[in-house]
Amino acid sequence: MRYAQLIVGPAGSGKSTYCSTIVKHAMDSKRIVDVVNLDPAAEHFDYEPLVDIRELIHLDDAMEDEELQFGPNGGLVFCIETLLENSDWLEEQLGDVDDDYILFDCPGQIELYTHLPVMRRLVDLLQNWNFRICVVFLVDSQFMIDGAKFLSGTMAALSVMVNLELPHVNVLTKMDLLSKTARKQIDNYLDPDPHVLLSDMRNAHSKWHEKYAKLTEAIGEVVENFSLVRFYPLNIRDEESIENIMLTVDNIIQYGEDADVKIKDFDELEPEHNEIGDD
Ligand SMILES: Nc1nc2c(ncn2[C@@H]2O[C@H](COP(=O)(O)OP(=O)(O)OP(=O)(O)O)[C@@H](O)[C@H]2O)c(=O)[nH]1
Ligand SMILES: [Mg+2]
């Protein structure tokens, strides 16, 4: 079995920073985690990628081509489609290492995950190559400190879940940037109670809420009834918070369970070894 995290989320939500943070954290516990850069427009990240889509195609290639004449968003979709058409290239670059653990640092255009089929096709490929995958959906915590924004972030998380059909963990990033008051406030959103959030919104007396109060309440009920959405806080300066997310994801993709089995087999073999030794 192979293991993967698909790191997705809006532009600037902290995907590349999450990848380098996890790599460093894993290294401290003597674990090897690799990162694949899938962002054809990436300019900077703090990790050494195992595979880099820019070696196959760069966003500028799609935008500067005189026939294609793509803008940045169409160009990005074109780049991911080119990657899928060259799946042999990706397969070869990834190698075939049993029990490897790879983070896929994805681009920030949210439409890739909410309704376009390209990422779903990438997931199918990875599953064919024996990867067990968890989606990690990142949202900047600074945009999640009021009820309306929270519902909007939640709906984005739900669209990704429905479109990718994979085990899914939501993470609130950049917790280190929040003020003390905002940090307290955010507790309401980690394990959200839609009733509390909706009453916040009611108290805000916005024209929007007056007109669409019923719609907002219905959305709140869906979130509550299906217990679909939960957020894990990530403070990259706090090892415990990083470890907590890593453990959560590892449990979901059952990382390490096969290793336990191997240890058991080894224990059972031991008496035989002794017998051979005695001979
Ligand atoms: N203080 C702080 N800054 C962060 C954190 N995560 C990301 N940043 C900063 O936020 C900016 C965007 O972070 P990236 O990791 O590049 O975000 P991204 O989601 O990969 O961005 P795109 O690939 O462009 O969509 C950078 O300036 C980071 O240094 C964090 O946890 N704490
Ligand atoms: Mg990035």
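Calculation criteria
- Residues numbered from 1 in each chain as written.
- Chains lettered and ligands numbered in written order.
- Predicted model: local features only at pLDDT ≥ 70, side-chain atom pairs only at ≥ 80, totals over all residues.
- UniProt positions renumbered as here; feature names shortened; annotations may be inferred.
- Helix = DSSP H or I, 4+ residues; strand = E, 2+ residues; numbered from the N terminus.
- Contact = placed C-beta atoms within 7 Å.
- Buried ≥ 20, exposed ≤ 12 C-beta atoms within 10 Å, placed from the backbone.
- pLDDT = per-residue confidence, 0-100.
- Near = placed C-beta within 6 Å.
- Nonpolar A, V, L, I, M, F, W, Y, C, P; charged D, E, K, R; others polar.
- Core = buried A, V, L, I, M, F, W, Y, C linked by C-beta atoms within 7 Å.

Looking at an unreviewed UniProt entry, the protein carries the name GPN-loop GTPase 3, with the source organism given as Bombyx mandarina. UniProt, in the comment section headed Sequence similarities (unreviewed entry), describes the protein in these words: "Belongs to the GPN-loop GTPase family." As stated in UniProt under Subunit (unreviewed entry), the record for the protein gives "Binds to RNA polymerase II (RNAPII)."

Trainee: I would appreciate a short explanation of the overall build of the protein in the present structure.
Mentor: Across its full length, the protein holds 12 helices and seven strands. Taking the intrachain contacts of the protein between residues at least 6 apart in sequence as the baseline, contacts between residues at least 24 apart amount to 74%.

Trainee: What's the story with the environment of Gly-12 in this structure? I'm lost.
Mentor: Tracing the chain through its elements places Gly-12 in the loop between strand S1 (2-8) and helix H1 (15-28). For Gly-12, a count of 13 C-beta atoms within 10 Å corresponds to the partly exposed category. Gly-12 sits 95 residues away from Pro-107 along the chain, and the two C-alpha atoms are 9.6 Å apart.

Trainee: In this structure, what is going on with unusual backbone geometry? I would like to understand it.
Mentor: Excluding glycine, a negative phi dihedral is what most residues carry, and trans is how most peptide bonds are arranged. Phi angles above zero are rare outside glycine, and Asn-130 is one such case at about 80°. Locating Asn-130 in the fold gives a position in the loop between helix H6 (118-128) and strand S5 (131-140). Its identity is not glycine, yet Glu-165 carries a phi of approximately 50°, on the positive side. Glu-165 gets classed as exposed once you count the C-beta atoms within 10 Å, which come to 10.

Trainee: How should I be thinking about the confidence of the model for the protein in this particular structure?
Mentor: Regions with low pLDDT should not have their predicted coordinates read in detail. Here the protein shows a mean pLDDT of 86. Residues at 70 or above account for 87%. Within the model, the stretch residues 274-279 combines pLDDT values under 50 with zero contacts to residues more than four positions away or in other chains.

Trainee: Would you mind going over the site of ligand 1 with me for this structure?
Mentor: Residues in close proximity to ligand 1 total 14 residues, the closest being Gly-14, Lys-15, Ser-16, Thr-17 and Gly-108. The element best represented in the shell around ligand 1 is H1, accounting for three residues. Split by residue class, the shell around ligand 1 holds three nonpolar, seven polar and four charged.

Trainee: What am I meant to see in the nonpolar core here?
Mentor: Nonpolar side chains in soluble globular proteins generally cluster together in the buried interior. With 59 residues, the main nonpolar core has Leu-6, Ile-7, Phe-104, Val-135, Val-136 and Phe-137 as its most contacted residues. Per-element accounting of this core gives the leading share, eight residues, to S5. Aside from chain neighbours lying at most four places away, what touches Phe-104 is Ala-4, Leu-6, Ile-7, Val-36 and Leu-38.

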